[in-house]
Amino acid sequence: MSANYKDTLLLPKTDFPMKADLVKREPERLAKWEAAGLYRQILDARIGAPLFVLHDGPPFANGDVHMGTALNKILKDLVVKSRSMLGFRAPFVPGWDCHGLPIEFKVVKEQRGLEPAEIRRRAEAFARKYIDIQRGQFKRLGVFGSWEDPYLTLAPGYEADIIRAFGKLVEKGLVYQSKKPVYWSTGAQTALAEAEVEYAPRTDPAIYVKFRLTPESEAAIGRSGPTYVVIWTTTPWTLPANVAVAFSPNLNYLAFTRNGENYIIAQVPNLPPELEDPLRREPTTEYAQVVKPEVMASLRYKHPFLDRESRLIEASFVTADTGSGLVHVAPGHGKDDYIAGQANGLPVLSPVDDFGKFTEDVGVPAWVGKYVFDANAEIVTFLRENGSLLAEQKYTHDYPHCWRSKTPIVFRAVEQFFIRIDAFRAEALTAIDSVNWIPQWARNRIYGTVESRPDWCISRQRTWGVPLPVFYEDSGTLAGSERTPIVRADLAAKVADLVENGGTNLWFEKDDAWWAAQLGLPAGTSRRNDTLDVWIDSGVSHQAVLMRHPELKACGGVADVYLEATDQHRGWFQSSLMTSVALTGHAPYKTVITHGFVVDKDTKKKVSKSDQGTYKKPMEAEHFVGKFGADIVRLWAASVDFTNDVPFSEDSFARTSEAYRSFRNVLRILLANISDFEAGRQEDRKGGGHEPGMSHIPDFMASCLKNGATTVDRWVLSKLQGVIATCRAAYEAYDFRRVFETVNQFCTVELSALYVDITKDRLYCDAANSPRRRATQSVMHACFDAVAKLLAPILAYTADEAWEFSGKKTSVHIEKLPEANAALRDEALEAKVDEWLKLRAAIYQQAIEPARQAKTIAKSLEAAITLEVADAQHAALNADKAELEEFLIISELTLASGAEPVAKVFRSGQPQCPRCWRQQPLTAKGVCTRCDEALPA
RNA sequence: GGGCGUGUAGCUCAGUUGGUUAGAGCAUGCGCUUGAUAAGCGCAGGGUCACAGGUUCAAAUCCUGUCACGCCCA
C-alpha cells in the first residue's frame, strides 16, 4: 500500500548527477567554454563597466606547472572572476618570462660549442614548448584569460620596450659602469652563474701572513718592536689585489710578542703550532694584551710586497672557524670582499685576464702572464723569502669549478652596468607607502629591502637575454673590455626600433659594421654580447604590457593588483617598483597581495621544484587535476590561509573532496526540490492574478512568501542575506577562505541539516501548489541562485554545471554576484529561531537520541515529545506549536511546566499516516487531513 | 648570523578593544534512515591555544626569551 502512496509524493527530481566525475566532465565543459568564447563573452558583458586589472606576474617558461604555480594562478583567477562578478570589467592577460639562465643552461648542456645565435634559437624553442604546456595546464585549472594572446618577454615588441626602458634610465642619468667580481671560468673564458658552478674537493696552500703596521698604528698599540696583523688565506694569488684586512666585531683580538715581534690575532681555535702557544697564555700576562675594536678599526698596514698602505675594516662575515680571525680583503676577487669594499669605499683591483693569468697590474713583473693557480706556490715562496710567511698548511676544501671545463673558478672583477638606486631610493620608499599591502607586514618587508639594497647590477655575461644596447669606441688595439663604452639614450631608442620588427636576434646575427651603419656610428665601433638582467625583463612589464595592451592600457600603467608568492618581495614586486619609480615616479600597482609557499603538510617543509631530486611525492598540478579534478584543486586553494605557508598533501585533497561533495549535494537537492517550481510559477500566475510584468523571481518570490512562508522560510532567507553580504565583502577583501567557510557553514548547517530536512514533509507531501510549498521553493530557488553564484569563482566548473541544469542558457560566469536585500533580514526572527535551536538540541540530546539508542523509536518523526519549560514561555511556544512540530521533525509536541527545559518522549496516541509518516488523526481515506487534501479526488 | 613572518582539536580554519566551562566544518566512533541513497539525519569523543617565564583581579589574546617552520639576505 505504502508504495502506492510513494507514487503520490512530489519527490526531488533532477538530472544533475550526484557523482561529480570531474576528471571526465571538466574537459568537456572546458571545450564548450572555448567553443563559445566564454572569456570574450564575459568581457563583452562588462563593456562600459569600471576596469579592474590584475597584472599577471610571468612564470618562468620551463617545466610543468607545479602546485605552487597552480596556487598562484588559481588565486589570481579567484580575484579576476570575483571582480568580474562584482561588476568590473576584469581582463586577464597572462604572461611568460622567457629569457634567462635556466633555459640557456639547459640548451647549452644538451649540446656544447653552439654559436650564440643558435643557442638563442634553441632557447626560444624550449621556452615556447613549455609555454604551450603550461598554457594547457593553466586552462585546465579553469583559469580564464586571453590564453591565445599572452604577453611574452621574448616577443620583439616586448624586447623593444625593455630596451626603451633602458634608454630612459640612461637619459635620466641613472646608469653607470663599474667593476664587480663574477664567477669566471678560465677554461671557457666566460662568466658563470651560480648554477653553472660545481663544487669539488681541492687542496690549496693555507698560509698565515703577517702585514706590518704603519708607524702611527704601531704607536697606537704601544709595544716595542715591529707589530703585525696576521691574516690567513687559501688563495695566495689574490694577495696582489689586497686592499684591506677585515676583523670581526664579535671576536677578541690580542697582541702578543714572539721573537721580538708583535702579532695581532684573534682568540680562535685551530691555530697552527707556530702561532698556538703564545695564545694559550692568559690575556693579562705581559705577553699579550687585548686590542679593542675601536683600536682595531684605526689600524693601517703596509702591503707585504707592494708599495701600498691599507687599513683594517670591520666586517660581519669574519668568523672564528678557520684562520686567524683576520681576513685579507680583495674586493676584486670575492663576493664578501666586494660588499665590504663597497661599504668602505675600497678600490676594486683584479689584475687577472680572461685566461686566469696575471696582467701587468699585478705589480710584480715576474708574475705577469702566470696562471694564478700556478702562481700560488711561487707567491708562497716569495713570502717566505721576504719574511712575511708565518705558517703554511695544506688545506682541502670544496672549491667551485666550471661545470664545463672543470677548471677551478676564479672570482674576477669585470666591467658591469649599474642602476644608481640612491637617485630615487627616497621616492621609491614614498611609493611603497602609497600601496595597499596584503598582508600588511609585507610593507615592512619590502621597505626594509629597498631601504638597504645596493645599486642594481643590470648587466650579465649571458646569451639568452635582451642585449645591453651599449657600444664601444674604436680604440685601435685595445681589448674589447678596455674600450670606452658609448651609453646613449638615443642609440638605445634606435636599437629598440630595429628590435621592434626584427627581434633581438639581430644583435647576435648582424655584425658590428651593420650596427654601426644602422645607428650612424663611426665604422669600427664595436658591441659586446652582454645582456640585461632578466629582472629588468619582467620588471618593465608595466611599460611593455600595462601601457601597451589594448585591454589594459586604460589603467595608465598602474595595475589594481599584483599577486605573487612571498619571494617576489625581492623579485618582481621590487624590480617592478624600482623601474616604475625610476621611469614614472610612482608604483605600478595599487594593491600587492602576497601568498606563502606550498609546504608539505606532514613536515611543514617547503615543496618546490628544486627539491625534485629528494622530494618523492607528486607535486605537479596535472597529477592532482587528473586524480581529483580542477575544482577540487581550486577549492583547496580557496580554503587555505594563503597569506601563510600553505599545507599540502594528497590527503588534503581527499578532505577537500568531502567539502566539495557537500556543496555539490546541496546544489543538487535544491535543484531537485525546485524542479517543478517554474511550472508552479506559471500556474500561480494564472490563478493568482499577477501583473504580466511581474515574472521575475523577486516579485514572484515576494508573493509566495506573503502567502505561505513559515518561520523557517523567513529564517533561511534572512540568513542567506547575511551569507551574501559576508561573501561579497570577503571577495572584495580577497578573503576567499571566508567565502568558503561561510558558504560551507550555510550549506551544511542551515540548509542541509535544517532547512532541507525540515521542509521535506511539505515539499514531498503537500499539494503541488500549496502556498507554503511554493514559498519554500521560492526560498530554495533564491538559495540555489545565490550559492551557485557565490561559489562560481571557486568551483568554476561545478557552479557552471549546476547553473546549466537549472535551465540557464548562458554561463554563470557572466552573472553578477547576488546583493543582500536588507528588507529580507529579520534579526528578531533569527534570535527566535536561535531559541528554537536550543530547544531542538535539548530535545534531541535528552529525548530522541536516548530513545533511538534504546530502540524505542527509529526516526524522529515517530516521536511525541513532552517539553517542560517555564510557564511564561508557554503562550509563545503554543502559538507556534504546529511550526515547532515541523521544525523539530516530530509528530506531536506537548508543553508542561518546569524550571529548565526538560524533554521526554512518549508514545503518541495517534495512528501513523501511511503517506507522510506523521502521527495524526486519519480521514476516511486512511491518511491525515493534509494528505487527504493533497491526494487527487 | 640578520630582516620579515607563522605556530589554536587528526585536517582546514573562527576566536571582536585581554573577561563566563576555547568555537565551526570535515575526519573518527556509536546509532538512525532507506521518500537527497556511491546520499541524508542525530549523538558522542577529541585541545595544558608550540614551550618557558612575566604583567594583570583576569591572557590563546599584552611583554620577554626558547624551539620549530617559511621567505629573503648574509
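Here is what the cut-offs are and how they apply
- Residues numbered from 1 in each chain as written.
- Chains lettered and ligands numbered in written order.
- Predicted model: local features only at pLDDT ≥ 70, side-chain atom pairs only at ≥ 80, totals over all residues.
- Heavy atoms only, no water.
- Disulfide = S-S within 2.5 Å.
- Buried < 20%, exposed > 50% of the residue type's maximum accessible area, 1.4 Å probe, protein only.
- Pairing = 2+ DSSP bridges.
- Helix = DSSP H or I, 4+ residues; strand = E, 2+ residues; numbered from the N terminus.
- Axes fitted to C-alpha atoms, helices over the stretch in contact; angles between N-to-C directions.
- Arc of directions from axis to C-beta.
- Contact = heavy atoms within 4.5 Å.
- pLDDT = per-residue confidence, 0-100.
- Lys, Arg positive; Asp, Glu negative; His and termini not counted.
- Salt bridge = Lys/Arg side-chain N within 4 Å of Asp/Glu carboxyl O.

Caption draft 1: Main features of the state of the cysteines. Across all of its chains, the model carries zero disulfides by this definition. Just so you know, C928 is unpaired, no disulfide at all, and the nearest cysteine sulfur is the one on C931, 3.5 Å from it. Take C928: its relative accessible area is 3%, and that puts it in the buried class.

Caption draft 2: Here's a closer look at the sheet that holds strand β30 (residues 902-906). Spatial strand order, β29-β28-β30: three strands in an open sheet with mixed pairing. With one partner strand each, in any of the chains shown, β29 (892-897) and β30 form the two edges of the open sheet. Adjacent strand axes in the sheet meet at a mean angle of 25 degrees when their direction is disregarded. Strand direction decides the pairing type here: strand β28 (residues 864-869) and β29, joined by six bridges, are parallel. Note on β29: the bridge partner recorded for A864 is E892.

Caption draft 3: Structural context of helix α13 (residues 425-432). Every buried residue of α13 is accounted for by R425, A428, L429, A431 and I432. Angular distribution of buried residues about the axis of α13 spans 160 degrees; they occupy a single face of the element. In α13, those exposed residues whose orientation departs by more than 90 degrees from the buried face are A426 and T430. Tucked into the core, α13 has its buried residues touching β17 (436-438), α14 (441-452) and α20 (572-584).

Caption draft 4: Inspection of unusual backbone geometry at higher detail. The peptide bond linking I438 to P439 adopts the cis configuration, its omega dihedral lying at -5 degrees. Within the secondary structure layout, P439 lies in the loop between β17 and α14. A positive phi angle, near 55 degrees, is found at D21, a position not held by glycine. With respect to the element layout, D21 can be found in the loop between α1 (2-7) and α2 (22-36). For D21, a relative accessible area of 29% corresponds to the partly exposed category.

Caption draft 5: Broad picture of the confidence of the model for chain A. Scored by pLDDT, chain A has a mean of 89; 94% of the residues are at 70 or more. Every residue in residues 609-614 scores below 50 in pLDDT, and together they form eight contacts with partners more than four places removed in sequence or on other chains. Under a pLDDT of 50 for its full length, residues 686-696 has, in the predicted model, eight contacts with residues more than four places off or in other chains. Overall fold confidence (pTM) sits at 0.91, and the ipTM for the predicted complex is 0.96.

Caption draft 6: Structural detail: the side chain of R46. Within the fold, R46 resides in the loop between α3 (38-44) and β1 (54-55). Notably, R46 is buried but unbridged: the nearest opposite-charge side chain belongs to E815, and the N-O separation is 7.5 Å.

Caption draft 7: How the structure looks around helix α5 (residues 101-110). Within α5, burial applies to L101, I103, E104, F105, V107 and V108. Contacts made by the buried residues of α5 are with α6 (116-140).

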